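Structural overview
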Amino acid sequence: MTLARYIGGRLLQLIPVLFLVSVGVFLLVQIIPGDPVAIMLGVSPDSAGFNKDQYDTLRHELGFDQPLYERYLSWAGRIVHGDFGVSLKSRRPVADLLFERYPATIYLTIVALLVSLAIAVPIGVFAAVRQNTIFDYLGMTFSLVGLAMPGFWLALLLILLFSLKLGWFPAIGYAAPLAQPVDFLKHVAMPAIVLGTSFAAQLARYLRAETIEQLHQDYVRSARAWGLPPRTVIFKHAVRNSLISVVTVAGLHTARLLGGTPIVESIFGWPGVASLLLDSIYARDYPTVQASVLILALTYVTLNLVVDVVYHLLDPRIRLA
Amino acid sequence: MSASLPASISPSGPGHSGAVLARAPRARLRLRMVALPNRLATLGAAIVALGLVMAILAPVLARYDPYQIDVVHRLQGPSAAHWFGTDTLGRDALSRIIFGARTTFEVSVGAVILGGAAGIPLGLLSGYFGRLVDATIMRLMDAIMAFPGLLLAIALAASLGGGLVSIYVAIAVSTIPHYARLARSVTLTQKARDYVSAAQVVGESNFSILFREIVPNCLGPLLVALTLDFAHAILIESSLSFLGLGFSPPTASWGLMLREVSPFLELQPWEAIFPGLAIFLTIFGFNLLGDGLRDVFDPRHYEL
């Protein structure tokens, strides 16, 4: 399969997925039990504070006076043109809100990725090189614990220890990375650790298995037979090779870090898209809910695709079906 | 998206650990490496069993009514009367954790069965019939998986307006692709085997081949996936409840307990530790058990 065909195929495959995702996000508002318009207004049609004009305006604005497929088409048409509607809570264009919030989510995800690599690589390599020693067991215990650790509990524990007891890091808040780099690092530390831990646990396990496999390859035995020092054999050959596959796996799964952002952003008051989503859910601001879900899903799908294609470019041996 | 990753990392969240503990080729090492996961699996089974006992015997084990409010004694630390202290309304934390086990197990079992009941047939059909059926079902699964992690569950729970049904649906829908993809990959492997061709030659119907020949061969890997998905379901339920999108007060739910105490973190740190520990241990137990079962049933590691 040529590269162009591969990329073309992946893009073609993406079309039905994107279509289904958009239908799913569109339906989110349609499946709200009861009368969505009344729920968004926060008053029922037979209560005292009910304003018929306001109700009808919103009903028309959201297209609830049209048949379902027409509503979908006009909604999707507007989305394609970058019009995500108007937030019911702040009465501002949702696109503006997303634009403001998006960078914070991306910064957090990038730092979390770096944190998980910084945790996973030493643990994974050391556990493999010192297989079946206390280091190995400690490393793999970290991995098992990290995998089972619910993010919100880890967040509460970190806040308890590092904010309330020791006062090292602020429990909530945000600072722009370029304008106030030191403040940014202080604020991002705990959220990034929480977001990165479970990923780090998986990477460490994977890296350990991969390094052990490399250590048993023929080329490692040959290098040893040549009389190269064990340190050189391990770090210049085996570890380097296993790191290549780990970087691949880490890249392919980076997008998954986005899945943890709702919890992390809401606990640490991080002003990203995921906390916008939760705030909008609490405020029953459904246009914003739809838009933020859509943006997070699109980011996830796009990131996966880009990483996939980039790896395909870099390493022709990776033939992803 | 991630159909052909290297075999030992799986694409679906913390419940799905992708370990390959037993890979060392030297005989002496292999013995130790196999023995270790088995011991861990036993530990996992013990933790899960403990949780189950707590869930079943909750009314017997709990010393207090988990819903009895006692504002005078609110937010107390551990004491002889209240081993795990009391919560923001003075309810006994230990009793609420014991009853919380009941909530957790009910939801995770129910949601996993629901997800499996939808996902497994989809995967079987997809793998067995291939072509358009396969393409349609798999694109649908891709669409579900285009929502990272908790996002789908959060979106569904928010739309369905909370409550028990929405929790079940939110968890079940997000687990469907695990089963569908797993059942599909096992079906594809089995379909290529001689016994399936033999059954086709003999004239067995597709239905009978699927359910009498292929399904029994899927049970091992599916059991592994189910076990790991209990962990996944518990994580989603507690996360939803923590975010205020799952169980509503006064239900005894571990995630909700943490939500209720988080504004009082400074006053009573104990109340943030015990419910979280319960969630952690249960997920930990199911993960260990799942890994152990995988070594037994699924030595070649089917890709999810």
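Residues numbered from 1 in each chain as written. Chains lettered and ligands numbered in written order. Predicted model: local features only at pLDDT ≥ 70, side-chain atom pairs only at ≥ 80, totals over all residues. Heavy atoms only, no water.

Comments concerning the overall build of chain B
Broken down by element type, chain B carries 10 helices and zero strands. For chain B, the α and β elements follow one another from N to C terminus as α-α-α-α-α-α-α-α-α-α. When each of the 304 residues of chain B is scored for burial, the buried share is 57%. Taking as baseline every contact in chain B between residues at least 6 positions apart, the subset at least 24 positions apart corresponds to 70%. By element, 68% of the accessible surface of chain B is carried by carbon and sulfur atoms, the whole surface being about 12300 Å². (Helix = DSSP H or I, 4+ residues; strand = E, 2+ residues; numbered from the N terminus. Buried < 20%, exposed > 50% of the residue type's maximum accessible area, 1.4 Å probe, protein only. Contact = heavy atoms within 4.5 Å. Areas by Shrake-Rupley, 256 points an atom, 1.4 Å probe, with all protein chains shown as cover.)

Notes on the nonpolar core
In terms of nonpolar packing, the biggest core is built from 150 residues, with A:Val21, A:Val293 and B:Ile154 touching the most fellow members. Sorting elements by how many residues they give to this core places helix H8 (residues 206–243) of chain B first, with 15 residues. Residues lining this core come from more than one domain, with at least three contributed by each of domain 1 (3–80) and domain 2 (95–314) of chain A. Core analysis: the second largest hydrophobic core is formed by 11 residues, A:Val37, A:Tyr55, A:Leu88 and A:Tyr286 among them. (Core = buried A, V, L, I, M, F, W, Y, C linked by side-chain atoms within 4.5 Å. Domains from an automatic or database assignment.)

Some points on the packing of aromatic side chains
Residues and elements named next belong to chain A. Per the counting criterion, the structure on display carries 18 aromatic pairs over all chains. Their ring planes at 45 degrees and their centres at 5.7 Å tell us that Phe-26 and Trp-75 sit as a pair that is tilted. Here the residue Phe-26 occupies a position in helix H1 (residues 3–30), and Trp-75 occupies one in helix H4 (residues 68–80), the gap between them amounting to 49 residues. Note on Trp-75: relative accessible area 10%, which makes it buried. Geometrically, the ring pair formed by Tyr-107 and Phe-184 is edge-to-face, given 6.1 Å between the ring centres and 85 degrees between the ring planes. Of this pair, Tyr-107 sits in helix H5 (residues 94–129) while Phe-184 sits in helix H8 (residues 181–215); the two residues are 77 residues apart in sequence, bridging distant segments of the chain. Take Tyr-107: its relative accessible area is 29%, and that puts it in the partly exposed class. (Phe/Tyr/Trp six-rings, centres within 6.5 Å; stacked < 30°, edge-to-face > 60°.)

Considerations on the pattern of salt bridges
A full pass over the atoms with the stated rule returns nine salt bridges over all chains. B:Asp291 serves as the salt-bridge partner of B:Arg294, at 3.0 Å between the closest nitrogen and oxygen. Of the two residues, B:Arg294 and B:Asp291 both sit in helix H10 (residues 270–297), three residues apart, roughly one turn of that helix. The pair B:Arg294 / B:Asp291 is uniform in exposure class, with both members buried. A cluster of three or more residues bridged by salt bridges with shared partners is formed by A:Arg205, B:Asp291 and B:Arg294. (Salt bridge = Lys/Arg side-chain N within 4 Å of Asp/Glu carboxyl O.)

With respect to the packing of helix H6 (residues 134–148) of chain A against H10(B)
Contact pair H6(A) / H10(B): the axes reach a minimum separation of 8 Å and the direction vectors enclose 120 degrees. In terms of their interaxial angle, H6(A) and H10(B) are classed as oblique. Relative to H10(B), H6(A) is oriented so that their crossing is right-handed. Mapping the contact onto sequence places A:Leu144, A:Val145, A:Leu147 and A:Ala148 in H6(A) and B:Phe280, B:Ile283, B:Phe284, B:Asn287, B:Leu288 and B:Asp291 in H10(B). Partitioned by chemical class, the residues of the contact of H6(A) with H10(B) number eight nonpolar, one polar and one charged. (Axes fitted to C-alpha atoms, helices over the stretch in contact; angles between N-to-C directions. Parallel < 35°, antiparallel > 145°, perpendicular 65-115°, else oblique. Left-handed = near helix turned anticlockwise from the far one by under 90°. Nonpolar A, V, L, I, M, F, W, Y, C, P; charged D, E, K, R; others polar.)

Description of the domain arrangement of chain A
Residue and element names in this part refer to chain A. You can read the domains of chain A as domain 1 (3–80) and domain 2 (95–314). With centres defined by C-alpha atoms, the gap from domain 1 to domain 2 works out at 33 Å. Between domain 1 and domain 2, the residue contacts involve 19 residues of the former and 14 residues of the latter. Across the domain 1/domain 2 interface, buried area totals approximately 1600 Å², and carbon plus sulfur atoms make up 82% of it. Between the two partners, domain 1 and domain 2, sit zero salt bridges. Put simply, domain 1 and domain 2 have two residue pairs in polar contact (both at pLDDT 80 or more) between them. (Buried area = accessible area lost by both parts, 1.4 Å probe. Polar contact = N/O pair within 3.5 Å; in protein donor to acceptor, adjacent residues only side chain to side chain.)

Comments concerning helix H5 (residues 151–160) of chain B
Helical geometry note: an α-helix holds 3.6 residues per turn, so side chains three or four residues apart project in the same direction. All names here are of chain B. Across the 10 residues of H5, nine count as buried, placing the element largely inside the fold. Turning to H5, its buried residues number three or more, namely Leu-151, Leu-152, Ala-153, Ile-154, Ala-155, Leu-156, Ala-157, Ala-158 and Ser-159. Gly-161 sits one or two positions beyond H5 and adopts a positive phi of about 85 degrees.

Some remarks on unusual backbone geometry
The omega angle of the peptide bond from B:Pro249 to B:Pro250 is 5 degrees, so this bond is cis rather than trans. Along the chain, the position of B:Pro250 falls in the loop between H8 and helix H9 (254–261). Within the chain, A:Arg91 stands out as a residue other than glycine whose phi angle is a positive 55 degrees. In this fold, A:Arg91 is placed in the loop between H4 and H5. With a phi angle near 55 degrees, A:Arg284 is a residue other than glycine that sits in the positive phi range.

Focus: the packing of H5(A) against helix H12 (residues 273–282) of chain A
Residues and elements named next belong to chain A. Relative orientation of the contacting elements H5 and H12 amounts to 130 degrees, with a least axis distance of 7 Å. Between H5 and H12, the crossing angle belongs to the class labelled oblique. Every residue of H12 that contacts H5 at Leu-97, Leu-98, Arg-101, Tyr-102 and Thr-105 is listed here: Val-273, Ala-274, Ser-275, Leu-276 and Asp-279. Of the residues that constitute the contact of H5 with H12, the class distribution is six nonpolar, two polar and two charged.

Looking at the confidence of the model for chain B
Residue and element names in this part refer to chain B. The share of residues in chain B with pLDDT of 70 or more is 86%, and the mean pLDDT across the chain is 79. Ranking the helices and strands of chain B by mean pLDDT puts helix H3 (residues 93–129) first, with 89, and helix H1 (residues 27–56) last, with 74. Among the prediction metrics, the complex's ipTM stands at 0.85, with pTM recorded as 0.83. (pLDDT = per-residue confidence, 0-100.)

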